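Per-entry structural report
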Amino acid sequence: QLLESGGGLVQAGGSLRLSCVVSGMTASIYTVGWFRQAPGKEREFVACIAWSADNKRYGASVKGRFTISRDNAKNAVYLQMNNLKPEDTAVYSCASRKTSGGYDSYDLYDYWGQGTQVTVSS
(Lines give C-alpha, C1' and ligand atoms only; values in the text may rest on other atoms or scores of the structure.)
Protein backbone atom coordinates (compact mmCIF):
# COMPACT_ATOMS: atom_id res chain seq x y z
CA GLN A 1 0.00 0.00 0.00
CA LEU A 2 1.19 3.52 -0.81
CA LEU A 3 -0.28 6.63 0.72
CA GLU A 4 0.48 10.14 -0.54
CA SER A 5 0.08 13.39 1.32
CA GLY A 6 1.20 16.98 1.13
CA GLY A 7 -0.68 18.27 -1.88
CA GLY A 8 -2.48 21.59 -1.89
CA LEU A 9 -2.83 25.01 -3.44
CA VAL A 10 0.25 27.18 -3.85
CA GLN A 11 1.15 30.28 -5.81
CA ALA A 12 3.59 30.17 -8.67
CA GLY A 13 7.14 30.26 -7.36
CA GLY A 14 6.16 28.53 -4.15
CA SER A 15 7.08 25.13 -2.76
CA LEU A 16 5.39 21.96 -1.60
CA ARG A 17 6.69 18.71 -0.17
CA LEU A 18 4.86 15.51 -1.02
CA SER A 19 5.20 12.37 1.05
CA CYS A 20 4.62 8.75 0.10
CA VAL A 21 4.49 6.19 2.89
CA VAL A 22 4.89 2.59 1.83
CA SER A 23 3.56 -0.33 3.83
CA GLY A 24 3.17 -4.05 3.49
CA MET A 25 5.74 -5.00 0.85
CA THR A 26 8.83 -2.93 1.44
CA ALA A 27 11.18 -5.94 1.27
CA SER A 28 10.39 -6.46 -2.40
CA ILE A 29 10.63 -2.85 -3.57
CA TYR A 30 13.27 -1.95 -6.11
CA THR A 31 12.20 1.60 -7.04
CA VAL A 32 9.62 4.15 -5.94
CA GLY A 33 8.54 6.75 -8.43
CA TRP A 34 6.33 9.81 -8.70
CA PHE A 35 4.07 10.41 -11.67
CA ARG A 36 1.58 13.17 -12.35
CA GLN A 37 -1.46 13.55 -14.52
CA ALA A 38 -3.20 16.76 -15.46
CA PRO A 39 -6.74 16.83 -16.87
CA GLY A 40 -6.76 15.84 -20.51
CA LYS A 41 -3.09 14.91 -20.51
CA GLU A 42 -1.17 11.66 -20.34
CA ARG A 43 0.46 10.46 -17.16
CA GLU A 44 3.94 11.96 -16.90
CA PHE A 45 7.02 10.61 -15.14
CA VAL A 46 8.29 13.04 -12.50
CA ALA A 47 11.04 11.30 -10.54
CA CYS A 48 12.12 7.99 -9.06
CA ILE A 49 14.56 6.71 -6.48
CA ALA A 50 15.99 3.29 -5.80
CA TRP A 51 14.83 1.79 -2.51
CA SER A 52 18.25 0.48 -1.50
CA ALA A 53 20.66 2.73 -3.37
CA ASP A 54 21.13 6.38 -4.14
CA ASN A 55 20.08 6.24 -7.77
CA LYS A 56 17.67 9.01 -8.73
CA ARG A 57 16.10 10.04 -12.01
CA TYR A 58 14.04 13.09 -12.96
CA GLY A 59 11.74 14.04 -15.76
CA ALA A 60 13.01 16.79 -18.01
CA SER A 61 10.28 19.25 -17.02
CA VAL A 62 11.12 19.12 -13.30
CA LYS A 63 14.88 18.64 -13.30
CA GLY A 64 16.56 21.32 -11.20
CA ARG A 65 13.32 22.24 -9.40
CA PHE A 66 12.19 18.99 -7.79
CA THR A 67 14.18 16.73 -5.46
CA ILE A 68 13.30 13.17 -4.55
CA SER A 69 14.55 11.63 -1.32
CA ARG A 70 13.97 8.58 0.83
CA ASP A 71 13.84 7.67 4.51
CA ASN A 72 13.94 3.89 4.82
CA ALA A 73 13.45 4.02 8.59
CA LYS A 74 10.05 5.62 7.95
CA ASN A 75 9.34 3.68 4.74
CA ALA A 76 8.80 7.03 3.10
CA VAL A 77 9.72 8.78 -0.13
CA TYR A 78 9.49 12.54 -0.46
CA LEU A 79 9.20 14.91 -3.38
CA GLN A 80 10.36 18.44 -2.63
CA MET A 81 8.93 20.74 -5.27
CA ASN A 82 10.39 24.24 -5.57
CA ASN A 83 9.74 27.11 -7.97
CA LEU A 84 6.37 25.64 -8.85
CA LYS A 85 4.70 26.68 -12.06
CA PRO A 86 1.05 26.60 -13.13
CA GLU A 87 1.92 23.79 -15.54
CA ASP A 88 2.89 21.64 -12.54
CA THR A 89 -0.79 21.46 -11.61
CA ALA A 90 -1.80 17.79 -11.59
CA VAL A 91 -2.65 14.81 -9.45
CA TYR A 92 0.62 13.40 -8.18
CA SER A 93 0.83 9.68 -7.47
CA CYS A 94 3.59 7.52 -6.10
CA ALA A 95 4.17 4.00 -7.28
CA SER A 96 6.50 1.12 -6.51
CA ARG A 97 8.03 -1.59 -8.62
CA LYS A 98 9.81 -4.85 -7.85
CA THR A 99 12.07 -5.08 -10.88
CA SER A 100 14.91 -3.13 -12.45
CA GLY A 101 15.30 -1.94 -16.03
CA GLY A 102 13.80 1.32 -17.21
CA TYR A 103 12.14 3.77 -14.88
CA ASP A 104 9.96 6.33 -16.61
CA SER A 105 7.10 4.28 -17.98
CA TYR A 106 4.08 3.96 -15.73
CA ASP A 107 3.41 0.37 -16.83
CA LEU A 108 6.66 -0.73 -15.21
CA TYR A 109 5.22 -0.03 -11.75
CA ASP A 110 3.26 -2.58 -9.75
CA TYR A 111 1.49 -0.68 -6.99
CA TRP A 112 0.01 2.81 -6.90
CA GLY A 113 -1.28 5.24 -4.35
CA GLN A 114 -4.51 7.17 -4.71
CA GLY A 115 -2.81 10.44 -5.57
CA THR A 116 -2.74 13.92 -4.13
CA GLN A 117 -3.81 17.10 -5.91
CA VAL A 118 -1.30 19.87 -6.48
CA THR A 119 -2.64 23.16 -7.80
CA VAL A 120 -0.37 26.06 -8.70
CA SER A 121 -2.01 29.42 -9.26
CA SER A 122 -0.51 32.12 -11.45
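Within any chain, residue numbers begin from 1 and follow the written order of that chain's sequence. Local features are withheld for residues below a pLDDT of 70 in this predicted model, meaning they are given only at 70 or higher, and side-chain atom pairs are given and counted only at 80 or more; totals for whole chains, interfaces and linings count all residues. To obtain the side-chain values, all non-hydrogen atoms of the structure were used and water was disregarded.

All right, on to the pairing of strand β7 (residues 66-71) then. Each pair of strands is called paired provided DSSP finds at least two bridges between the two strands. Only DSSP runs of H or I reaching four residues or more are called helices, and only runs of E reaching two or more are called strands; each is numbered from the N terminus. Here β7 runs beside strand β8 (residues 76-81); their pairing, made up of six bridges, is antiparallel. Across the sheet, residue Thr67 finds its bridge partner in β8, namely Gln80. Two successive antiparallel strands, β7 and β8, enclose a turn made up of four residues, where Asn75 displays a positive phi of approximately 50°.

Below, the discussion takes up the side chain of Thr116. On the secondary structure map, Thr116 appears in strand β11 (residues 116-121). As used in this structure description, the phrase polar contact means that two N or O atoms lie within 3.5 Å; if the pair is within protein, one of them must be able to donate a hydrogen and the other to accept it, and residues adjacent in sequence are counted only when both atoms belong to side chains. In terms of polar contacts, Thr116 uses its side chain to reach the backbone amide nitrogen of Gly7, at 3.2 Å. Only heavy atoms enter the contact rule, under which two residues are in contact if any of them lie within 4.5 Å. In contact with Thr116, not counting residues within four places along its chain, are Glu4, Ser5, Gly6, Gly7, Leu18, Ala90, Val91 and Tyr92.

Another aspect to go through is the environment of Gln11. Along the chain, Gln11 turns up in strand β2 (residues 8-11). Note on classification: 1.4 Å probe, protein chains only; a residue is buried when its accessible area is under 20% of the maximum for its type, exposed when over 50%, partly exposed between these limits. For Gln11, a relative accessible area of 60% translates into the label exposed. It is 8.3 Å that separates the C-alpha atoms of Gln11 and Thr119, two residues lying 108 residues apart in sequence.

Here we take up the sheet that holds β8. Sheet strands pair via backbone hydrogen bonds, and the direction of the pair is either parallel or antiparallel. Spatially, the four strands line up as an open sheet ordered β1-β3-β8-β7, and their pairing is antiparallel. For this open sheet the edge positions go to β1 (2-5) and β7, each flanked by a neighbour on one side alone. Across the sheet, the mean angle from the axis of one strand to that of its neighbour is 15°, orientation sign disregarded. Two strands pair when backbone bridges link them, and β1 and strand β3 (residues 16-22) are joined in this way by four bridges, in the antiparallel orientation. For Leu2, the partnering residue across the bridge sits in β3 and is Val22. Lines fitted to the C-alpha atoms define the axes, with helices restricted to the stretch that makes contact. Angles between their N-to-C directions range from 0 to 180 degrees.

Moving on, we get to unusual backbone geometry. The backbone phi angle of Asn75 is positive, close to 50°, even though this residue is not glycine. The residue Asn75 is located in the loop between β7 and β8 in this model. Residue Asn83 is not a glycine yet carries a positive backbone phi of 50°. The residue Asn83 is located in the loop between β8 and β9 (90-97) in this model.

With that settled, consider the state of the cysteines. Defined by distance alone, a disulfide is two cysteine sulfur atoms within 2.5 Å. Under the definition given, this model contains one disulfide. Paired by a disulfide, Cys20 and Cys94 hold their sulfur atoms 2.1 Å apart. Between Cys20 and Cys94, the S-S torsion sits near 70°, and that sign places the bridge as right-handed. A residue pair is termed long-range when its members are at least 10 positions apart, and Cys20 in strand β3 and Cys94 in strand β9 qualify at 74 residues. Like Cys20, the residue Cys94 is buried in the burial classification.

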